[in-house]
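Summary of structural features
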Amino acid sequence: MGRAERVVLAYSGGVDTTVCIPYLKNELGVKEVITLAADLGQGDELEPIRKKALSAGAAESLVVDATKEFVTDYAFPAIQANALYENRYPLSTALARPLIARLLVEAAEKYGADAVAHGCTGKGNDQVRFDVAIAALNPKLKVLAPAREWGMSRPEAIAYGEKFGLSFPVKKSSPYSIDRNLLGRSIEAGPLEDPWNEPLEEIYVMTKAIADTPDQPDYVEIGFEQGIPVSLGGQKLSPVELITQLNAAVGRHGIGRLDMIENRLVGIKSREIYETPALLVLIAAHRDLESLTLTADVTHYKRGIEQTYSELVYNGLWYSPLKAALDAFVTQTQTRVTGTVRLKLFKGSATVVGRKSANTLYSDALSTYGADDQFDHQAAEGFIYVWGLPTRVWAEKTRASS
Ligand code: ARG
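Residues numbered from 1 in each chain as written. Predicted model: local features only at pLDDT ≥ 70, side-chain atom pairs only at ≥ 80, totals over all residues. Heavy atoms only, no water.

**So, the nonpolar core**
Counting 75 residues, the largest nonpolar core has V8, L91, L95, I134, I222 and L246 as its most contacted members. Considering every element that reaches this core, the biggest residue donor is helix α4 (residues 96-111), with nine residues. Beyond its immediate chain neighbours, meaning those up to four positions away, I222 contacts P229, S231, L232, L246, V281, L282, A285, G339, T340, V341 and L343. With 28 residues, the next largest nonpolar core counts Y11, V19, A58 and A117 among its residues. (Core = buried A, V, L, I, M, F, W, Y, C linked by side-chain atoms within 4.5 Å. Buried < 20%, exposed > 50% of the residue type's maximum accessible area, 1.4 Å probe, protein only. Helix = DSSP H or I, 4+ residues; strand = E, 2+ residues; numbered from the N terminus. Contact = heavy atoms within 4.5 Å.)

Structure representation (structure tokens):
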């Protein structure tokens, strides 16, 4: 890997990334560790985290509020792409990684660091996302991943930190591994490792159990402009405010939970629980508005693009030439995806019950079965003759020869 003098470390304030500080300095010979904690709306208090890094030996402790960029530059394009990995997971964790990588690279360039570091282990997708994104943004920077090489268990990591005077307050220790940001939570490990075990209610924070949801439905109207959500109930909201309000509005109806066996890039299957209330509802609403405003061929072609897009994002290729090309396609399709979608929220389901758009391609005159029908029924006959011609020829030929 080669030695690094000054390193910018992605810092969360947790045990692993805190232990990374003395580890980088003492085992990997790094002179100066600069930590960077990114605020992506995870709800943590960042001032104590900033101080904690300094007391663990960081030369400089940076805190960057990137919540707005997270929503506008990462979540919104993914919504336009209806991005769902394996048709289910809306990539709430995966979308955060290229942004954190960008913040790390920017800080490394600003502070003249020759490497960046993260606390990912060797089993997950996040290491891939960080390493590849960093390479794409600045291929000269080294990437150090102490937790990928140190082979310490959690208690060993704590003992290692204690050797360097770090103390880790014994919180009620959770068996789960949790990642959180404004878009959602991912929960794995502990009892969830058995795919047969039903998740305990205690793991959920953003979504209510059905037993605790209101007995009356709520309706929410989501306004989109060019495929980007801009309003709730007719009220224009900032991107962060919109996600925050929608998370609360749908989470209280128990909407937004996922329990899936997921195929990681590194070849492992893992059992993942997600709660991503706003993001799932926004994708459902956006896809519905597309059904009203896009032509059939664009809609159908886009489905394939969406799947490739979701896999790219999941697999750490956010900054890649194919991703950029798909972005251009998606952006082009969104120019007329403007309108409003109405959803009913009730007992764990968000159901689209209405949609409208000034750009609607739905034509009453063509669709109606009523008296004012304008569709030329006679024209169907010739169309069907030509459309079915290859099948007719095939049938005649195969019958004749059998
Ligand atoms: N499997 C998800 C992904 O690859 C989430 C990973 C992070 N989750 C966690 N609990 N540490 O995007």
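**What to know about the packing of α4 against helix α5 (residues 126-137)**
Between α4 and α5, whose axes approach to 9 Å, the crossing angle comes to 45°. Here α4 lies oblique to α5, going by the angle between them. Here α4 runs over α5; the crossing is right-handed. Contact residues: R97, P98, I100, A101, R102, L104, V105 and E109 in α4; D126, R129, F130, A133, I134 and L137 in α5. (Axes fitted to C-alpha atoms, helices over the stretch in contact; angles between N-to-C directions. Parallel < 35°, antiparallel > 145°, perpendicular 65-115°, else oblique. Left-handed = near helix turned anticlockwise from the far one by under 90°.)

**Regarding the site of the ligand**
Residues in close proximity to the ligand total 15 residues, the closest being Y89, N125, S177, S186 and E262. In the environment of the ligand, an oxygen atom lies 2.6 Å from a nitrogen or oxygen atom belonging to the side chain of Y89. One nitrogen or oxygen atom from the main chain of S177 is found 2.8 Å from a nitrogen atom belonging to the ligand. Of all the secondary-structure elements, those providing two or more residues to the shell around the ligand are α5, β6 (177-181), β7 (184-188) and β12 (269-275). A total of three residues in the shell around the ligand trace back to one element, the largest contributor, which is β6. (Near = heavy atom within 4 Å. Polar contact = N/O pair within 3.5 Å; in protein donor to acceptor, adjacent residues only side chain to side chain.)

**Quick notes on the sheet that holds β6**
Strand order in this open sheet of four strands is β6-β7-β12-β11, and the pairing throughout is antiparallel. Edge positions in the sheet fall to β6 and β11 (257-263), since each has one partner strand and no second. For this sheet, the mean angle separating the axes of adjacent strands, direction not counted, is 20°. Looking at chain direction, β6 and β7 are connected through five bridges and run antiparallel. Looking at β7, one finds that R180 is bridged to R185. (Pairing = 2+ DSSP bridges.)

**So, the pattern of salt bridges**
Pairs can form between side chains of opposite charge whenever their charged atoms are close. Summed over the entire model, instances satisfying the criterion amount to 25 salt bridges. R129 is paired through a salt bridge with D126; the nearest N and O atoms lie 2.7 Å apart. Within this pair, R129 and its partner D126 are both found in helix α5, separated by three residues, close to a single helical turn. Close ionic contact of K323 with D327 constitutes a salt bridge, the shortest N to O distance being 2.8 Å. Within this pair, K323 and its partner D327 are both found in helix α11 (residues 321-333), separated by four residues, close to a single helical turn. Take K323: its relative accessible area is 2%, and that puts it in the buried class. Taking relative accessible area as the criterion, D327 reaches 23% and is therefore assigned partly exposed. (Salt bridge = Lys/Arg side-chain N within 4 Å of Asp/Glu carboxyl O.)

**Topic: the state of the cysteines**
Here, disulfide denotes a covalent bond that connects the sulfur atoms of two cysteines. Within this structure, the stated rule accounts for zero disulfides. Free cysteine: C20, not disulfide-bonded; nearest cysteine sulfur from C120 at 9.3 Å. (Disulfide = S-S within 2.5 Å.)

**Digging into helix α7 (residues 154-163)**
Quick reminder: α-helices carry 3.6 residues per turn. Residues three or four places apart thus point the same way. If you check which residues of α7 are buried, you get A157, Y160 and G161. For α7, the angular spread of buried residues about the axis comes to 100°, placing them on one side. Among the exposed residues of α7, those oriented more than 90 degrees off its buried face are P155 and K163. Residues of α7 that are buried make contact with α1 (15-26). Downstream of α7 by one or two residues, G165 has phi in the positive range, about 80°. (Arc of directions from axis to C-beta.)

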